[in-house]
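The primary structure of each chain is shown beneath.
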Amino acid sequence: MSSPIWKPNESQIRNANITKLLSYANQKESLDFSNYWDLHQYSIDHSDNFWQLVVDYCGAIGDFSGPVRLGESMIDTKWFPEASLNFAETMLARRDEADAIVFRGENKVNLRLSFNDLYEQVAKVQAHMKACGVGPGDRVAAFLPNHPAAIIGMLAASSIGAIWSSCSPDFGQQGVLDRFGQIEPKLIFVVDGYYYNGKAHDTIERVKGFLDNLPSIENIVMVEYIQTYQGDIESCLTLLEVLSSQSESEVVFTHVSFDHPLYILYSSGTTGAPKCIVHGHGGTLLQHLKEQQLHADVREDDRVFYFTTCSWMMWNWLVSALASKATVMLYDGSPFYPGPRALWDFAEAEKFTLFGTSAKYIDAVKKAELRPSISHDLSRLKSMMSTGSPLVPESFDYVYNNIKSDLHLASISGGTDIVGCFVLGNPIGPVWRGEIQTRALGLAVDVFDHEGNSVRYEAGDLVCTKPFPSMPLKFWND
């Protein structure tokens, strides 16, 4: 039998969040767990107790009193039916001058927001939204690059109980209308353009085109990124105007039910119009706290990066690192401009602790014969995550030989439908070449053949056989 390609050392195991959770669970529940698989089995057999552990250990803010769930089947289950919370409250709990968001654009724009800065800007945008009549259940849309404005807008909307939905500015006019036309947003954030491969792409005419076909929109916030906006869109203020016109204030968090809608995400649209998938405050919060703190070992002051756009659910996943009091690292533009070192220069300069990307990107830097282990100081980097497609065995070799030899590499898979992962990493377990490490805690993941039998060591369908909190609430207007 071959050896694992990486194993955590004793110190890494001892200091991992998941080890501390094992100790916490043993003490709180009078258990005798010694390893990950004990906890995993418990999380399936006693899911109510497990998700309460996530609430208590991972720092979810809100009133989670009452039963953990009602019902047994996928359709009938309601999680934390008496809970009251607001997703943004956990995200904005940290208040100090440490970095909350670090942004680097392809045009060398660098923006840095402290946790205090982020809170103050969210408070001002929230006040503007309320003045525009945005309330619980209203939709707020965004046509934005992976820029701090998207996080500020999302947190302001969710703090009110409004529902956030975003797509990236490389979408064509019809692609925007196929999505936002279904959800009828009341307010929208737009951008004047974006940078890609060294070129500025003006989006103003496209913005005007889709705004003419979205009659539900009453107010617009323009993010001036490439500085081409002429001030000629009706009912539109720039983000700078919004921030400068609002006085200092506190964020008021509207407490909502556990399954109050938070996000609308979209299926790919390969079979007709994209399906509008609705996710809730509580399920999203608990799923991301669990995945980031336990499976990815994210801690306070970590610096978490995922190469993504606002159209991919990994953007929603990335920004949740704020809930663990970590710094969110944002990059917008081509990962190969002005050359293949672009993201690694960012990683070195800002001391990334987690580097998230796609299998396609890892294959591309391998073909470019990049050797970040030699060219860059990655001493702070603890983990690397890959998704989007399977990570082939040769890419595991490349990461450990050319990026960093002592690194927790996690090939992960999940999706838009659960705003999270079915299978992912285990920081206290070995990594095997070409393999995904583990099934997600709290998710009864299995593989079935075409007759519905559980199978091992043969091809089948990935299934999840029991309910869990981040199951989608519904399709919008289904």
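Nothing here was measured: the structure is a model prediction, and the numbers come from that model.

The rules behind these values
Residues numbered from 1 in each chain as written. Predicted model: local features only at pLDDT ≥ 70, side-chain atom pairs only at ≥ 80, totals over all residues. Heavy atoms only, no water. Helix = DSSP H or I, 4+ residues; strand = E, 2+ residues; numbered from the N terminus. Phe/Tyr/Trp six-rings, centres within 6.5 Å; stacked < 30°, edge-to-face > 60°. Buried < 20%, exposed > 50% of the residue type's maximum accessible area, 1.4 Å probe, protein only. Lys NZ or Arg CZ within 6 Å of the ring centre and 35° of its normal. Expected span 1.5 Å × (residues − 1). Pairing = 2+ DSSP bridges. Contact = heavy atoms within 4.5 Å. Axes fitted to C-alpha atoms, helices over the stretch in contact; angles between N-to-C directions. Polar contact = N/O pair within 3.5 Å; in protein donor to acceptor, adjacent residues only side chain to side chain.

**Description of unusual backbone geometry**
With omega at 0 degrees, the peptide bond leading from Y337 into P338 counts as cis. For P338, the location among the structural elements is in the loop between strand 15 (327–332) and helix 13 (342–350). Phi angles above zero are rare outside glycine, and S235 is one such case at about 60 degrees. Position of S235 among the secondary structure elements: in the loop between strand 10 (219–223) and strand 11 (236–238). Located in the positive-phi region is Y457, a residue other than glycine, with phi close to 60 degrees.

**So, the packing of aromatic side chains**
Enumeration according to the criterion identifies 24 aromatic pairs in this entry. Pairing F103 with Y225 gives two aromatic rings, centres 6.1 Å apart and planes at 65 degrees, and the pair type is edge-to-face. Here F103 is found in strand 3 (residues 99–105), whereas its partner Y225 is found in the loop between strand 10 and strand 11, with 122 residues between them in sequence. The same class applies to F103 as to Y225, namely buried. By the ring-pair criterion, three or more aromatic residues cluster together here, those being F305, F307, Y331, F336, W344, F346, F352, F355 and Y361. For R179, the ring lying beneath its charged end belongs to Y266, and the centroid distance is 6.0 Å.

**Topic: helix 7 (residues 148–160)**
The α-helix advances 3.6 residues per turn, and as a result positions three or four apart in sequence lie on the same side. A rise of 1.5 Å per residue sets the reference length of helix 7, with its 13 residues, at 18 Å; its end C-alpha atoms lie 19 Å apart and thus fit the reference within 8%. Here helix 7 lies mainly inside the structure; 13 of its 13 residues are buried. Remark: G161 follows helix 7 within two positions and exhibits a positive phi of approximately 95 degrees.

**Digging into the sheet that holds strand 19 (residues 413–415)**
For sheets, the rule is that strands pair by backbone hydrogen bonds, running either parallel or antiparallel. Overall, antiparallel pairing links the 3 strands, which are arranged 19-20-21 in an open sheet. With one partner strand each, in any of the chains shown, strand 19 and strand 21 (438–439) form the two edges of the open sheet. Pairing analysis gives 2 bridges linking strand 20 (residues 420–424) to strand 21, with the strands arranged antiparallel. Bridge pairing in strand 21 places L424 opposite T438. Helix-sheet contacts for helix 11 (residues 281–295) involve strand 20 and strand 21, and the interaxial angle to strand 20 is about 35 degrees.

**Describing the side chain of E106**
With respect to the helices, strands and loops of the structure, E106 is situated in the loop between strand 3 and strand 4 (110–114). Exposure remark for E106: the relative accessible area of 4% places this residue in the buried category. Among the polar contacts made by the side chain of E106, one reaches the main-chain amide nitrogen of Y196 at a distance of 3.5 Å. Reaching out from E106, the side chain makes a polar contact with the backbone nitrogen of N197 at a distance of 2.8 Å. Once residues lying within four places of it in the same chain are set aside, the contact partners of E106 are Y195, Y196, N197, G198, K199, Y225, Y331, D332, G333, S334 and Y337.

**Re the sheet that holds strand 17 (residues 383–387)**
With respect to topology, 7 strands assemble into an open sheet ordered 4-3-15-14-16-17-18, the strand pairing being mixed. Each edge of the open sheet is held by one strand with a lone partner, namely strand 4 and strand 18 (408–411). Each strand of the sheet is rotated relative to its neighbour by a mean of 15 degrees, with strand direction disregarded. As judged from the 5 bridges shared by strand 3 and strand 4, these two strands associate in the antiparallel manner. Bridging across to strand 4, D99 finds its partner in S114. Where helix 14 (residues 359–367) meets the sheet, it contacts strand 16 (354–358) and strand 17, and its direction lies at approximately 95 degrees from that of strand 16.

By themselves, these are just geometric observations and shouldn't be taken as functional.
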